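Understanding the architecture of this molecule
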Amino acid sequence: EIWQHLRGSMNPLSDLSAVGRKPFGNASLAYKYSYQPGVDAGFSVCRIVSGEIEVRLEVVLPRLRGLQDKPETLQRKWQSFQSTIIEHEAGHLEILRGMAVLLPSALSRVDAKSCDELDRKIRSTVHQIEAAIERDSLDYDHSPGHEVAMGW
C-alpha cells in the first residue's frame, strides 16, 4: 500500500521521463539574476557594473503519516528507506549549489565590445552552467548505489 501511494496520487512529484514514474524525493533549483551593464571608459568594453543573483534550493522528501503508530519493523524499514532518499537528495543539493558558486565568478569575467553582445554572452554563460549542472545531476542519478533512491 505504501509503495502504491509513493508511486501514485499521494506523491506530489511529477513523473521522471528517465525512470517512467514518480521519484521518491526531489531536489530542485530556482534562480534569477539581474545586472546593470556599463562601458569601461579605459578599455571601451561593456561589463557588469552591479548585479544581484538569487538562488533557491528546495527538497521534497517522503514522509509516512503516523509512523510512530506503525509496527516497529515497518518503522525501521521506513527510516532506512527515508535515510537513503535524504542522502541521495543531499547529493543533488551539492550539485545544484554549484549554480550559486559558479554563476557569480563566471559572470564577473564576461565582457564584450557592446552591451548587446554582453547580454548574449551572459545568457550563453548562464545556459552553459545550467546545462553542466543538469548533466552532473543526471550522471549522479545513474551512478552506482542510487538505484533505490531512483526507484529502480
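This text goes with the structure placed above it.
In this text the structure is predicted, and so the values were computed from the model without any measurement.

**Some details on the environment of G38**
- Structurally, G38 can be placed in strand β1 (residues 26-40).
- Relative accessible area serves as the criterion here: at 17%, G38 is assigned to the buried category.
- Taking the C-alpha atoms as reference points, G38 and P71, 33 residues apart in sequence, are found 65 Å from one another.
- Setting aside anything within four residues of it in sequence, one finds G38 in contact with V45, C46, R47 and V49.

**Describing the packing of aromatic side chains**
- Under the defined criterion, the tally for this structure stands at 2 aromatic pairs.
- Seen in terms of ring centroids, F24 and F81 are 5.2 Å apart; in terms of plane orientation they differ by 75 degrees. Their pairing is edge-to-face. Taken together, the residues span a long stretch of sequence, with F24 in the loop between α1 (2-7) and β1 and F81 in helix α2 (residues 72-96) at a distance of 57 residues.
- Look at F24 and you get buried, because its relative accessible area is 4%.
- Judged by centre distance (5.2 Å) and plane angle (50 degrees), the ring pair of W78 and F81 falls under tilted.

**Things to note about a nonpolar patch on the surface**
- A cluster of nonpolar side chains, V59, L61 and I86, forms an exposed patch at the surface whose accessible area comes to about 210 Å².
- Following the sequence through the fold, L61 ends up in the loop between β2 (45-60) and α2.

**Structural notes on the packing of α2 against helix α4 (residues 115-141)**
- Contact pair α2 / α4: the axes reach a minimum separation of 9 Å and the direction vectors enclose 160 degrees. As judged from the angle between their axes, α2 and α4 are roughly antiparallel. The way α2 lies across α4 gives a crossing that is right-handed. Listed contacts from α4 to E87, H88, G91, H92, I95 and L96 of α2 are I133, D136, S137, Y140 and D141.
- For the contact of α2 with α4, the class distribution of residues is 4 nonpolar, 4 polar and 3 charged.

**Remarks on the sheet that holds strand β3 (residues 111-112)**
- Spatial ordering of the open sheet is given by β1-β2-β3, a layout of 3 strands whose pairing is antiparallel. Sheet topology places β1 and β3 at the edges, where each strand pairs with a single neighbour.
- Bridge count for β2 against β3 is 2 bridges, and the pairing is antiparallel. Paired with R47 across the bridge in β3 is D111.
- Across the sheet, α2 is in contact with β1 and β2; its angle to β1 comes to roughly 5 degrees.

**Focus: the state of the cysteines**
- All chains considered together, the criterion is met by 1 disulfide.
- Through a disulfide, C46 is tied to C115; the S-S separation comes to 2.0 Å. Here the S-S torsion is close to 95 degrees, and the disulfide linking C46 with C115 is therefore right-handed. Of this pair, C46 sits in strand β2 while C115 is found in helix α4, placing the two residues 69 residues apart along the sequence.

**Some points on the side chain of K22**
- Along the chain, K22 turns up in the loop between α1 and β1.
- Summary of buried charges: K22 has no salt-bridge partner, and the nearest side chain of opposite charge, D15, is 5.5 Å away.
- Within polar-contact distance, the side chain of K22 engages the backbone oxygen of G8 at 3.0 Å.
- Discounting chain neighbours no more than four positions away, the residues touching K22 are L6, R7, G8, S9, N11, L13, S14 and D15.

Cut-offs applied
- Residues numbered from 1 in each chain as written.
- Predicted model: local features only at pLDDT ≥ 70, side-chain atom pairs only at ≥ 80, totals over all residues.
- Heavy atoms only, no water.
- Helix = DSSP H or I, 4+ residues; strand = E, 2+ residues; numbered from the N terminus.
- Buried < 20%, exposed > 50% of the residue type's maximum accessible area, 1.4 Å probe, protein only.
- Contact = heavy atoms within 4.5 Å.
- Phe/Tyr/Trp six-rings, centres within 6.5 Å; stacked < 30°, edge-to-face > 60°.
- Patch = residues over 30% accessible without salt bridge, like charges linked within 9 Å, V, L, I, M, F, W, Y side chains within 5 Å.
- Areas by Shrake-Rupley, 256 points an atom, 1.4 Å probe, with all protein chains shown as cover.
- Salt bridge = Lys/Arg side-chain N within 4 Å of Asp/Glu carboxyl O.
- Axes fitted to C-alpha atoms, helices over the stretch in contact; angles between N-to-C directions.
- Parallel < 35°, antiparallel > 145°, perpendicular 65-115°, else oblique.
- Left-handed = near helix turned anticlockwise from the far one by under 90°.
- Nonpolar A, V, L, I, M, F, W, Y, C, P; charged D, E, K, R; others polar.
- Pairing = 2+ DSSP bridges.
- Disulfide = S-S within 2.5 Å.
- Lys, Arg positive; Asp, Glu negative; His and termini not counted.
- Polar contact = N/O pair within 3.5 Å; in protein donor to acceptor, adjacent residues only side chain to side chain.

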